[in-house]
Amino acid sequence: MDVSPILDELNKPQREAVSAPPQPMLVLAGAGSGKTRVLVHRIAWLLEVEGISPLSILSVTFTNKAAAEMRGRIQRLLGMPVGGLWCGTFHGLAHRLLRMHWREANLPQTFQILDSEDQIRMVKRLLKTLELDENRWPPRQVAGFINARKDEGSRPQHLDDRGDPAQRELIRVYSLYEETCQRNGVVDFAELLLRSLELLRDNLELQAHYRNRFRHVLVDEFQDTNALQYAWLRLIAGDQNPIFAVGDDDQSIYGWRGAKIENIHNFTRHYPSCVTIRLEQNYRSSGNILKAANALIDNNRGRLGKKLWTDDRDGEKLHLYAAFNELDEARYITGRIKQWVDDGNLRSDVAILYRSNAQSRVFESTFNENRIPYRVYGGLRFFERAEIKDALAYLRLTSNLADDPSFERIVNHPPRGIGERTVDMLRQIARTERRPLWEVAAEAVDSGEFTARAAGAIGRFVHLIRQMNEEIKSLPLYEQVEAVISLAGLKEHFLAKEKGETGQARVDNLNELVTAANGYVHIQDDELPDMDELSSFLAHAALEAGEGQGDAGEDCVQMMTLHSAKGLEFSMVFLCGLEEGLFPHQMSVNEPGRLEEERRLCYVGITRAEQQLVISYAEQRQLHGQTRFNPPSRFLQELPEELVDEIRPKVQTYQTSYRAQARPATNVRPSHRPGSQTESGFSIGQQVSHAKFGEGVITNAEGAGAHARVEVNFETAGRKWLVLVYASLQKV
Ligand code: ATP
Ligand code: MG
């Protein structure tokens, strides 16, 4: 057999890993060394050379995007489709198991997925039921508690409050939460995993079936698996089927969500026959970028320790831009992107990476002004927008009438005269009788327990849902979506309620949902014959919400958080907002463990770049409605000076280099101190008045001569940048 395509273009240790006999394997290697490539080639090898059926392979990656990419690469390598191969994310695969075995998993066939926002809403309601004060028990934190317990595999009955009253309350909420989810037929993200783990653990027949089936289990980004995911893998693999794990301890960035680097150490303990392979050649980044990454990560302790090298040329140095503020940062980057495109390059080879989702907004508006197409991954995710979730809630309720969270969301939305008191009564009955809200509502109409007005309003809602159910049954998916939006009157509602652009934007999004449904390809899955198109679409919406927007095929700049950039690569990378308190994140600076995780995140960011890396920070930044004056990130000082070209705006004379600036601790801006005069005679902090905008305070200044501008925070008009020669500002 000709195996050359599979082993070609692999170096020696890569080949060794790809062609190893079936045995537990750990490929431990730095960024860009070809780990994912090895995994893909390994699968091709198993299929082609070992003659393993695609049905016998289970491969887990971190994002749906990566999973799709992986499938595509295997098919290209083999030159044929590989149906039957299970390749997906932990959540996606767990969901699949539960859909296939909903009965055994004790779920209704129409169970729905509860996303993080729905989960928090539900916790809120339960806190109310239990008469716990939201201020003392912030719903987000309570949800976090529940998720963390599930990630450890603990159900409420496994937990011991050890006499701690706070723990006791939390466990009580968890208990009620669990009971409610079960009654509603909804499953949160952590539950997908835990439930499918319990399914395979407790149902020995199924366990035997899957262990018999999946002869090979492969996992990418192994360093970021949490305890539950690792247990899940081990359970499926059993003792007889080898796990092929690839990962990099230096890229572990989900510790805050329970990921355990220790899994890497445990792996070799759990599988003593495991063969570890290290890859050291980096094929992604040019020399200077790689050297910078190596130098940075060297500041972490307790690493498994590896050095990456490349035989690529040094390439360009890293560029560092010191911006005045976040707008200046966005403007500079816009300029660079224009240049990049003018030079004949693709926008899709450019990535903007940032620590916090909120940073994307300024880029979005600057790109819009400059007509630069972009795509945001994560952030305000399409499927998570309020209006989209409204429409989905109608669809979900028609498909699963027990779905209380959806019921709650839409029972009086758009408003139809069902007041909070009426809903409270419904809730109360539902709670005492332990029945879904829908059933209670349907009976309420004739029960005589409600006022005529309330009963009438509930009746209209019940009728509406029944009508939807009736009318959409035989329609194709996108017409179902269209019909539900129209019967619910969502568009009219938004247009009337939110005048102008906001309302129109929501309508556009609803139309986009119809488009998404139209473009949705429901692949009839032999293993899931009962899954209809709508259920499949709803699961897709819940599971893929976080990953990008519909691909219009346009050449777009890619924007995402550093966390979602894992595993990806781009010719040109902008790493933005390198400021203390933003990156490293404020919450991590006082904790060595978390600080190291931030550094790994920075390492992930740097190693995404192939040819060009531009790093930027702003002296002043508006974020989350606050103005911050943070010193440059400590990570900048950890980059060897000779690798970095500092780009300084020409007009700045008062700024010192990021290296000379004092180390963190203070929140006081190192240059531009209040009171320091700009060339024009105005100073930061000075009170001024403007003919049109009234009085305000100068908060920033840039440029000189005819280009001198100041930013003024006006008392009524808000913040504005003004060119001094035109503004005729008066000192007050
Ligand atoms: P990360 O840690 O970021 O996930 P990785 O170790 O998974 O990185 P890959 O994405 O598999 O690395 O590979 C990085 C780049 O190097 C890819 O473009 C890949 O095609 C290329 N590459 C890997 N190995 C080789 C090789 N032997 N010859 C040529 N190119 C290679
Ligand atoms: Mg990879």
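Details of the structure are given in the entry above.
These lines cover the structure that appears in this document, whether it is placed above or below. (Residues numbered from 1 in each chain as written. Chains lettered and ligands numbered in written order. Predicted model: local features only at pLDDT ≥ 70, side-chain atom pairs only at ≥ 80, totals over all residues. Heavy atoms only, no water.)

A closer look at the nonpolar core
So, point 1. One finds Leu392, Tyr394, Phe407, Leu426, Val481, Leu513 and Phe537 to be the most contacted residues of the largest nonpolar core, which totals 50 residues.
So, point 2. For this core, the leading source of residues is helix α20 (residues 452-472), giving 10 residues.
So, point 3. Filtering out sequence-adjacent residues up to four positions away, Leu426 remains in contact with Phe407, Leu437, Val440, Ala441, Ala444, Phe450 and Ile458. (Core = buried A, V, L, I, M, F, W, Y, C linked by side-chain atoms within 4.5 Å. Buried < 20%, exposed > 50% of the residue type's maximum accessible area, 1.4 Å probe, protein only. Helix = DSSP H or I, 4+ residues; strand = E, 2+ residues; numbered from the N terminus. Contact = heavy atoms within 4.5 Å.)

Description of the site of ligand 1
So, point 1. Contacts to ligand 1 come from 19 residues, most closely from Lys35, Arg37, Gln251, Glu569 and Arg608.
So, point 2. Between a nitrogen atom of ligand 1 and a side-chain N or O atom of Gln14, the distance comes to 2.8 Å.
So, point 3. Between Glu569 and ligand 1, the recorded distance is 2.5 Å, taken from a side-chain N or O atom to an oxygen atom.
So, point 4. Protein coverage of the free-state accessible area of ligand 1, which is 630 Å², stands at 86%.
So, point 5. For the shell around ligand 1, the leading source of residues is helix α3 (residues 35-48), giving three residues.
So, point 6. The residue makeup of the shell around ligand 1, split by class, is three nonpolar, nine polar and seven charged.
So, point 7. Among the domains, domain 1 (4-102 + 193-279) and domain 3 (318-379 + 552-647) are the pair contributing at least three residues each to the shell around ligand 1. (Near = heavy atom within 4 Å. Polar contact = N/O pair within 3.5 Å; in protein donor to acceptor, adjacent residues only side chain to side chain. Areas by Shrake-Rupley, 256 points an atom, 1.4 Å probe, with all protein chains shown as cover. Nonpolar A, V, L, I, M, F, W, Y, C, P; charged D, E, K, R; others polar. Domains from an automatic or database assignment.)

Regarding the pattern of salt bridges
Proximity of charged atoms lets side chains of opposite charge pair with each other.
So, point 1. Counted under the stated rule, the structure contains 46 salt bridges.
So, point 2. As a salt-bridge pair, Glu179 and Arg183 come within 3.5 Å of each other at their nearest N and O atoms. In this pair, Glu179 and Arg183 are both assigned in helix α8 (residues 165-184), four residues apart and thus about one turn of the helix distant.
So, point 3. Residue Glu179 is classed as partly exposed on the basis of its relative accessible area, which comes to 31%. (Salt bridge = Lys/Arg side-chain N within 4 Å of Asp/Glu carboxyl O.)

Structural notes on unusual backbone geometry
Peptide bonds are mostly trans, and most non-glycine residues show a negative phi.
So, point 1. The residue after His413, namely Pro414, is reached through a cis peptide bond having omega -5°.
So, point 2. Backbone torsion omega between Phe583 and Pro584 reads 5°, so that peptide bond is classified as cis.
So, point 3. By secondary structure assignment, the location of Pro584 is in the loop between β13 (570-575) and α25 (592-606).
So, point 4. Positive phi is not limited to glycine here, since Arg162 has a value of about 50°.
So, point 5. Examined against the element boundaries, Arg162 turns out to sit in the loop between α7 (139-151) and α8.

Here's the deal with the side chain of Thr89
So, point 1. Here Thr89 lies in strand β3 (residues 86-89).
So, point 2. Take Thr89: its relative accessible area is 9%, and that puts it in the buried class.

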